Amino acid sequence: MIEPHTTPLILPLTQVAMTGSVYSVVAVAVERYFNICKPFHNNWGGMYQGLGYIIAIIIFSFLYNILKFFELETVYPVVAHNSTNETFFSSVHPEAAVQLTDMRRNPVYTTTYIICNTFFMGVFPILVLAILNCKIIQAMKRATMRHNNVCTVQRRDGAMTALLSGIVLVLVICHTPKTFINLYESYQVILWGELRDEPLW
């Protein structure tokens, strides 16, 4: 079985990818906001075809999730040698398993992680997207009232705004279960001072 050996690496990388995907949507909303609401302002993130956004998102995604690489470990059962009566850890034993590290079980770390994850992966991006989309929609309405008709560029921007609004709704729906999972973990830590059940990834 390779799962116990790959999970401690794959799961953090999955978190990195999820962080990158969420903030990529935020970056698109910021880009739309500058193009529609502040077309004459310098948008440093959009330099070189959005390379500024891409580099910033990649760096932030890895730095934000760096500790996730130390939350899981592969453990091996203790095997007794019949002839020498010695015990040792077998790295080739088929019953190798994944377990939480002491850091992940620490109540202070767990509580801090839950608070930060709820804010940076839920509340903050959704709030930013909601505010930017509201401003974009208001700007589109003002532009439509001024010109009395909608040109091709405005139709395209309107379609993008509608798409971003739909993405905000999807983010809210998708992150709601994670919020309840975080609250459940917090409940365990507050009640017992530790995680009694494995995290519901």
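Here, the structure is the one placed above.
Here's a quick rundown of the structure. What you see is a predicted model, and the numbers here were worked out from it, not measured in a lab. (Residues numbered from 1 in each chain as written. Predicted model: local features only at pLDDT ≥ 70, side-chain atom pairs only at ≥ 80, totals over all residues. Heavy atoms only, no water.)

### Describing the overall build of the protein chain
For the protein chain, the count of helices and strands is five helices and four strands. For the protein chain, the sequential pattern of α-helices and β-strands runs α-α-β-β-β-β-α-α-α. Residues classed as buried in the protein chain amount to 31% of the 201 residues present. Within the protein chain, residue pairs in contact and separated by at least 24 positions form 70% of the contacts whose partners lie at least 6 positions apart. (Helix = DSSP H or I, 4+ residues; strand = E, 2+ residues; numbered from the N terminus. Buried < 20%, exposed > 50% of the residue type's maximum accessible area, 1.4 Å probe, protein only. Contact = heavy atoms within 4.5 Å.)

### Considering the nonpolar core
If you look at soluble globular proteins, the nonpolar side chains tend to sit buried side by side. Core analysis: the biggest nonpolar cluster contains 20 residues, and Val22, Tyr23, Ala29, Ile36, Leu129, Ile136 and Leu171 have the highest contact counts within it. Elements that contribute at least two residues to this core include exactly α1 (3-36), α2 (47-64), α4 (107-147) and α5 (152-192). For this core, the element with the highest residue contribution is α1, accounting for eight residues. Setting aside anything within four residues of it in sequence, one finds Leu171 in contact with Val22, Ile126 and Leu129. (Core = buried A, V, L, I, M, F, W, Y, C linked by side-chain atoms within 4.5 Å.)

### Regarding the side chain of Ser61
One can find Ser61 in helix α2. Ser61 sits in the buried class, given a relative accessible area of 2%.

### Things to note about a nonpolar patch on the surface
A contiguous nonpolar surface patch, about 820 Å² in accessible area, is contributed by Leu9, Leu13, Leu51, Ile54, Ile55, Ile58, Ile59, Phe62 and Leu63. Going through the elements one at a time, α1 and α2 are the ones with two or more residues in the nonpolar patch. Given a relative accessible area of 40%, Leu51 falls into the partly exposed group. (Patch = residues over 30% accessible without salt bridge, like charges linked within 9 Å, V, L, I, M, F, W, Y side chains within 5 Å. Areas by Shrake-Rupley, 256 points an atom, 1.4 Å probe, with all protein chains shown as cover. Salt bridge = Lys/Arg side-chain N within 4 Å of Asp/Glu carboxyl O.)

### Section: the packing of aromatic side chains
Within the structure shown, the criterion is met by eight aromatic pairs. Taken together, Tyr23, Phe60, Tyr64, Phe119, Phe120 and Phe124 form an aromatic cluster joined through their ring pairs. (Phe/Tyr/Trp six-rings, centres within 6.5 Å; stacked < 30°, edge-to-face > 60°.)

### Observations concerning the layout of surface pockets
Put simply, the second largest pocket is a space of about 190 Å³. Lining of the second largest pocket is provided by Leu63, Tyr64, Asn65, Ile66, Leu67, Lys68, Glu71, Tyr109, Thr112, Tyr113, Cys116 and Asn117. Looking at the lining of the second largest pocket element by element, the count peaks at five residues for α4. Here the lining of the second largest pocket is built from residues that sort into seven nonpolar, three polar and two charged. (1 Å grid on protein atoms, 1.4 Å probe; cavity = no way out; pocket = protein on both sides within 12 Å on 5 of 7 lines; lining within 4 Å. Points joined across faces, edges and corners; volume = space filled by probe spheres on them. Nonpolar A, V, L, I, M, F, W, Y, C, P; charged D, E, K, R; others polar.)

### Quick look at the side chain of Gln15
Here Gln15 shows up in helix α1. Those residues within four positions of Gln15 in sequence are excluded, and the remaining contacts are Asn65 and Lys68.

### With respect to the pattern of salt bridges
Under the counting rule described, the total for this entry stands at two salt bridges. Between Lys68 and Glu71 there is a salt bridge whose closest N-O contact spans 3.1 Å. Taken together, the shared-partner salt bridges in this structure form one network comprising Lys68, Glu71 and Arg104.

### Comments concerning the environment of Gln15
On the basis of relative accessible area, Gln15 is assigned to the buried category, the value being 10%. Once the C-alpha coordinates of Gln15 and Lys68 are considered, the two residues, 53 residues apart in sequence, prove to be 8.0 Å apart.

### What about the environment of Ile59?
Assignment of secondary structure puts Ile59 in helix α2. Judged by its relative accessible area of 48%, Ile59 is partly exposed. Separated by 39 residues in sequence, Ile59 and Gly20 place their C-alpha atoms 9.3 Å apart.

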